[in-house]
Structures are given as structure tokens and as C-alpha cells.
Amino acid sequence: MTSITIHNGDITQLDVDVIVNAANPTLLGGGGVDGAIHAAAGSGLLAECKTLDGCRTGEAKITQGYKLPAKFVIHTVGPIFGQESGHEAELLASCYRSCLDLAVQHQLKSIAFPTISTGVYAYPKEQAAQIAVNTVFEWVNAHANGVEKIIFVTHSKEDKVLYQKQLQKS
Ligand code: AR6
């Protein structure tokens, strides 16, 4: 049985096996949640990211968590809304699946997701919440021995309400 919950707050504070970073293809840091994660993790994170050779949109790569309470960080690159030739929805779903697949490969039991692509990358928040929740539920239903705890981390009351709405439907 997997628990799926919402936490409204700062993802860098969460004591889970892995937090997900909404990164860019360089994996070399940026603003938003990416900037917050690098700032909290310290310079060891950037040093490891430099060895990864970037990441393609919709895919994911894992690093240690360094000074974060989380043991690991999974870096995924969300689609830029309006710039992916109509593939935005499938690329966003692929981010969530890729992160969950990596978590299982590394035997990680608890994972926290930010609202990927909904900041700088401009994905409409309600559509993104629907894709996030549907994709995670589909993945959980297909992976009986997958992760034990999945947390959707929202960074505003508005996002929290959107996720509550989507979870009620699921
Ligand atoms: N904890 C949880 N969520 C947060 C935090 C935090 N500490 N800080 C911001 N958010 P964004 P994107 C929320 O822009 O749209 C970076 O520069 C934020 O409110 O961080 O995927 C990367 O390097 C928003 O709802 O990610 C890329 O270049 C959500 O995180 C680009 O931004 C995602 O917003 C990626 O853009």
C-alpha cells in the first residue's frame, strides 16, 4: 500500500529518502526549486551534477543529497510549456515516471515531488496537477512493490487546493 499525500511547504526541509528537483538540461543549477535545493545541499551537489553530462527533457538522474535531510536528489527536466511541439503532456508524465523508476532501482521508499514545470517553465498549474496525480496513480497501480510514500509538495495555497481537487478525483 502506497501513501500519497500533499505537503504545502519547502521541499528542501523534507526528511525523505529522495526529493525531486525540477532542473534544466544542464543540471548545473538555476532559480526556483532548483536554486533552493542547490543552496540547501551545498557545493557538493553541484560538483556531482557536473559529472552527469546533463539530462534530457522527460528523463531523470540521481545524486546524493549532501547537506539536505533527504538522502538523495533525483533531478528531472520538465517540458517548457509551448516549446515542445505539442509533446508537453507526455514529457511531463515521463518526468514523474522516470523519477519513480529511478527511486525503485535505488530501493528508495519515500519520495517528494515539487510541481514540475509550473514555475519558470510556465506549464498551466491545473493541467500539470492533473498529469502529476494521474501519472503517479497509474504508476503505483502498475508497481505493487514500488515506493511506500509519495508526497506532492506544493509551494502555495493555490497549488495545494489544485492537488487536493485532483486527489479527491483519484
Ligand atoms: N519547495 C517546493 N517548491 C518550490 C520551492 C521550494 N523550496 N521553490 C519553488 N518551488 P520552478 P520549473 C515551486 O520554476 O517550472 C529553474 O531555474 C515553485 O513555486 O522551480 O520546472 C531550473 O534550473 C513552482 O510551483 O521549476 C530550470 O531552468 C515549482 O516549484 C527551470 O527553473 C516549479 O517551479 C525549471 O522550471
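Look a little higher up for the structure.
No experiment lies behind these values; they were computed from the predicted model shown.

A separate point is the environment of Pro-114. Tracing the backbone shows Pro-114 in the loop between β5 (110-113) and α4 (125-142). As a C-alpha pair, Pro-114 and Val-161 span 47 residues in sequence and 15 Å in three-dimensional space. With near-sequence residues (within four places) excluded, Pro-114 lies in contact with Ile-11, Val-20, Ala-22, Val-33, Tyr-96 and Val-153.

Summed over the entire model, instances satisfying the criterion amount to four aromatic pairs. Arranged with centres 4.9 Å apart and planes meeting at 65°, the rings of Phe-81 and Tyr-123 form a pair that is edge-to-face. One end of the pair, Phe-81, is in the loop between β4 (72-77) and α3 (88-105); the other, Tyr-123, is in the loop between β5 and α4, and 42 residues separate them in sequence. Under the relative-accessibility criterion, Tyr-123 is labelled buried at 3%.

Glancing now at the nonpolar core. Membership of the largest hydrophobic core comes to 34 residues, with the highest contact counts inside it found for Ile-74, Tyr-96, Ile-111, Phe-113, Val-136, Ile-150 and Phe-152. Every element with two or more residues in this core is listed here: β2 (18-23), β3 (60-64), β4, α3, β5, α4, β6 (149-154) and α5 (157-169). Judged by nonpolar contacts, the second largest core, of 19 residues, contains Leu-14, Ala-23, Leu-68 and Ala-112.

In spatial order, the strands read β1-β6-β5-β2-β4-β3; together these six strands make up an open sheet with mixed pairing. Among the strands making up the open sheet, the edge pair consists of β1 (3-8) and β3. Across the sheet, the axes of successive neighbouring strands diverge by a mean angle of 25°, strand direction being ignored. Bridge analysis of β3 against β4 gives five bridges, and the strand direction is antiparallel. The residue bridging Lys-61 from the neighbouring strand is His-75, located in β4. Contacting β2 and β4, helix α1 (residues 32-41) crosses the sheet at an angle of about 130° to β2.

Among the 22 residues in the neighbourhood of the ligand, the closest are listed as Asn-24, Gly-31, Val-33, Asp-34 and Gly-119. The separation between an oxygen atom of the ligand and a polar main-chain atom of Tyr-121 is 3.0 Å. Computed on the free molecule, the ligand has an accessible area of 700 Å², of which 89% lies beneath the protein chains in the complex. Residue contributions to the shell around the ligand peak at four residues, all from α1. Here the residues of the shell around the ligand sort into seven nonpolar, 11 polar and four charged.

Parameters and conventions
Residues numbered from 1 in each chain as written. Predicted model: local features only at pLDDT ≥ 70, side-chain atom pairs only at ≥ 80, totals over all residues. Heavy atoms only, no water. Helix = DSSP H or I, 4+ residues; strand = E, 2+ residues; numbered from the N terminus. Contact = heavy atoms within 4.5 Å. Phe/Tyr/Trp six-rings, centres within 6.5 Å; stacked < 30°, edge-to-face > 60°. Buried < 20%, exposed > 50% of the residue type's maximum accessible area, 1.4 Å probe, protein only. Core = buried A, V, L, I, M, F, W, Y, C linked by side-chain atoms within 4.5 Å. Pairing = 2+ DSSP bridges. Axes fitted to C-alpha atoms, helices over the stretch in contact; angles between N-to-C directions. Near = heavy atom within 4 Å. Polar contact = N/O pair within 3.5 Å; in protein donor to acceptor, adjacent residues only side chain to side chain. Areas by Shrake-Rupley, 256 points an atom, 1.4 Å probe, with all protein chains shown as cover. Nonpolar A, V, L, I, M, F, W, Y, C, P; charged D, E, K, R; others polar.

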